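Observations on chain architecture
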Amino acid sequence: MHHRDLEAWKESLEFVTEIYNITKSFPKEDLWGLTSQLRRASISIPSNIAEGCGRSTARETSRFIDIALGSIAEVETQLLIAQNLGYIDASEMLQKLSKINALTQGIRNYLKKIT
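Thresholds applied
Residues numbered from 1 in each chain as written. Predicted model: local features only at pLDDT ≥ 70, side-chain atom pairs only at ≥ 80, totals over all residues. Heavy atoms only, no water. Helix = DSSP H or I, 4+ residues; strand = E, 2+ residues; numbered from the N terminus. Contact = heavy atoms within 4.5 Å. Axes fitted to C-alpha atoms, helices over the stretch in contact; angles between N-to-C directions. Parallel < 35°, antiparallel > 145°, perpendicular 65-115°, else oblique. Left-handed = near helix turned anticlockwise from the far one by under 90°. Nonpolar A, V, L, I, M, F, W, Y, C, P; charged D, E, K, R; others polar. Core = buried A, V, L, I, M, F, W, Y, C linked by side-chain atoms within 4.5 Å. Buried < 20%, exposed > 50% of the residue type's maximum accessible area, 1.4 Å probe, protein only.

Looking now at the side chain of Ser36. Counting through the fold element by element, Ser36 comes out in helix H2 (residues 31-53). The contacts of Ser36, once residues within four sequence positions are left out, are Asp30 and Leu31.

Written out as C-alpha coordinates, the structure is:
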(Lines give C-alpha, C1' and ligand atoms only; values in the text may rest on other atoms or scores of the structure.)
Protein backbone atom coordinates (compact mmCIF):
# COMPACT_ATOMS: atom_id res chain seq x y z
CA MET A 1 0.00 0.00 0.00
CA HIS A 2 1.39 3.37 -0.99
CA HIS A 3 0.58 6.33 1.24
CA ARG A 4 -0.23 8.64 -1.67
CA ASP A 5 -3.12 6.33 -2.60
CA LEU A 6 -4.73 6.55 0.84
CA GLU A 7 -7.60 8.97 1.45
CA ALA A 8 -6.53 9.26 5.11
CA TRP A 9 -3.14 10.57 4.00
CA LYS A 10 -4.62 12.94 1.39
CA GLU A 11 -7.20 14.36 3.80
CA SER A 12 -4.70 14.74 6.64
CA LEU A 13 -2.22 16.49 4.35
CA GLU A 14 -4.90 19.06 3.46
CA PHE A 15 -5.80 19.31 7.14
CA VAL A 16 -2.23 20.34 8.03
CA THR A 17 -2.41 23.23 5.58
CA GLU A 18 -5.67 24.38 7.15
CA ILE A 19 -4.17 24.14 10.64
CA TYR A 20 -1.26 26.34 9.56
CA ASN A 21 -3.66 28.90 8.09
CA ILE A 22 -5.87 28.90 11.18
CA THR A 23 -3.01 29.19 13.64
CA LYS A 24 -1.66 32.27 11.85
CA SER A 25 -4.42 34.17 13.62
CA PHE A 26 -3.53 32.84 17.10
CA PRO A 27 -1.95 35.39 19.46
CA LYS A 28 1.77 35.86 18.83
CA GLU A 29 2.56 35.16 22.51
CA ASP A 30 1.18 31.65 21.95
CA LEU A 31 3.56 30.88 19.08
CA TRP A 32 5.67 28.48 21.17
CA GLY A 33 2.70 27.06 23.06
CA LEU A 34 -0.55 25.87 21.56
CA THR A 35 0.29 27.10 18.05
CA SER A 36 3.46 25.02 17.88
CA GLN A 37 1.86 21.98 19.52
CA LEU A 38 -1.13 22.02 17.19
CA ARG A 39 1.05 22.35 14.11
CA ARG A 40 3.41 19.56 15.17
CA ALA A 41 0.61 17.17 16.15
CA SER A 42 -1.24 17.78 12.88
CA ILE A 43 1.96 17.18 10.88
CA SER A 44 2.39 13.90 12.73
CA ILE A 45 -0.80 12.45 11.24
CA PRO A 46 0.12 12.25 7.52
CA SER A 47 3.79 11.77 8.40
CA ASN A 48 3.12 8.63 10.43
CA ILE A 49 0.72 7.26 7.83
CA ALA A 50 3.43 7.74 5.21
CA GLU A 51 6.17 6.29 7.38
CA GLY A 52 4.04 3.28 8.26
CA CYS A 53 3.37 2.58 4.60
CA GLY A 54 7.10 2.65 3.98
CA ARG A 55 7.69 -0.20 6.42
CA SER A 56 8.15 -3.78 5.30
CA THR A 57 5.53 -5.58 7.40
CA ALA A 58 1.88 -5.00 8.25
CA ARG A 59 2.77 -5.13 11.94
CA GLU A 60 5.27 -2.27 11.53
CA THR A 61 2.76 -0.31 9.44
CA SER A 62 0.13 -0.84 12.13
CA ARG A 63 2.40 0.65 14.78
CA PHE A 64 2.71 3.91 12.84
CA ILE A 65 -1.03 3.99 12.13
CA ASP A 66 -1.56 3.74 15.90
CA ILE A 67 0.78 6.71 16.37
CA ALA A 68 -1.22 8.68 13.78
CA LEU A 69 -4.41 7.85 15.69
CA GLY A 70 -2.79 9.13 18.87
CA SER A 71 -1.91 12.36 17.08
CA ILE A 72 -5.52 12.69 15.94
CA ALA A 73 -6.65 12.53 19.59
CA GLU A 74 -3.98 15.10 20.49
CA VAL A 75 -5.12 17.49 17.74
CA GLU A 76 -8.74 17.11 18.83
CA THR A 77 -7.79 18.11 22.37
CA GLN A 78 -5.76 21.07 21.17
CA LEU A 79 -8.56 22.30 18.91
CA LEU A 80 -10.93 22.21 21.87
CA ILE A 81 -8.42 24.15 23.97
CA ALA A 82 -8.10 26.75 21.20
CA GLN A 83 -11.89 27.00 21.11
CA ASN A 84 -12.10 27.34 24.91
CA LEU A 85 -9.56 30.17 24.73
CA GLY A 86 -11.70 31.93 22.14
CA TYR A 87 -9.14 31.61 19.34
CA ILE A 88 -11.43 29.70 16.95
CA ASP A 89 -14.73 27.94 16.45
CA ALA A 90 -13.38 24.42 16.11
CA SER A 91 -16.55 22.71 14.84
CA GLU A 92 -15.57 22.54 11.16
CA MET A 93 -12.03 21.35 11.88
CA LEU A 94 -13.34 18.75 14.34
CA GLN A 95 -15.65 17.39 11.63
CA LYS A 96 -12.73 17.10 9.22
CA LEU A 97 -10.64 15.45 11.91
CA SER A 98 -13.45 12.98 12.60
CA LYS A 99 -13.39 11.95 8.93
CA ILE A 100 -9.60 11.53 9.04
CA ASN A 101 -10.00 9.44 12.19
CA ALA A 102 -12.56 7.16 10.52
CA LEU A 103 -10.34 6.71 7.46
CA THR A 104 -7.30 5.98 9.61
CA GLN A 105 -9.29 3.52 11.76
CA GLY A 106 -10.23 1.79 8.50
CA ILE A 107 -6.55 1.30 7.70
CA ARG A 108 -5.96 -0.04 11.20
CA ASN A 109 -8.85 -2.49 10.87
CA TYR A 110 -7.57 -3.69 7.50
CA LEU A 111 -4.08 -4.24 8.90
CA LYS A 112 -5.45 -6.22 11.84
CA LYS A 113 -7.21 -8.57 9.44
CA ILE A 114 -4.04 -9.34 7.49
CA THR A 115 -1.69 -9.80 10.47
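Next comes the rest of the description.
This paragraph deals with the packing of H2 against helix H3 (residues 58-84). Following both chains from N to C, one finds H2 and H3 inclined at 160°, their axes separated by 8 Å at the closest point. As the angle between them shows, H2 and H3 are arranged roughly antiparallel. In this structure, H2 meets H3 at a crossing whose hand is left-handed. When its residues are assigned to classes, the contact of H2 with H3 shows 15 nonpolar, eight polar and two charged.

Turning our attention to the environment of Ile100. Summarising the element assignment, Ile100 is placed in helix H4 (residues 91-114). Taking the C-alpha atoms as reference points, Ile100 and Lys10, separated by 90 residues in sequence, lie 9.2 Å from one another. Excluding residues within four positions of it along the chain, Ile100 makes contact with Ala8, Glu11, Ser12, Phe15, Ile45 and Ile72.

Attention now goes to the nonpolar core. Counting residues in hydrophobic clusters, the biggest one holds 27 residues, and the most contacted among them are Phe15, Ile45, Ile49, Val75, Leu79 and Leu97. When contributions to this core are tallied by element, the ones reaching two or more residues are helix H1 (7-23), H2, H3 and H4. Val75 has contacts with Phe15, Leu38, Ala41, Ser42, Ile45 and Leu97, leaving out every residue within four places of it along the chain.

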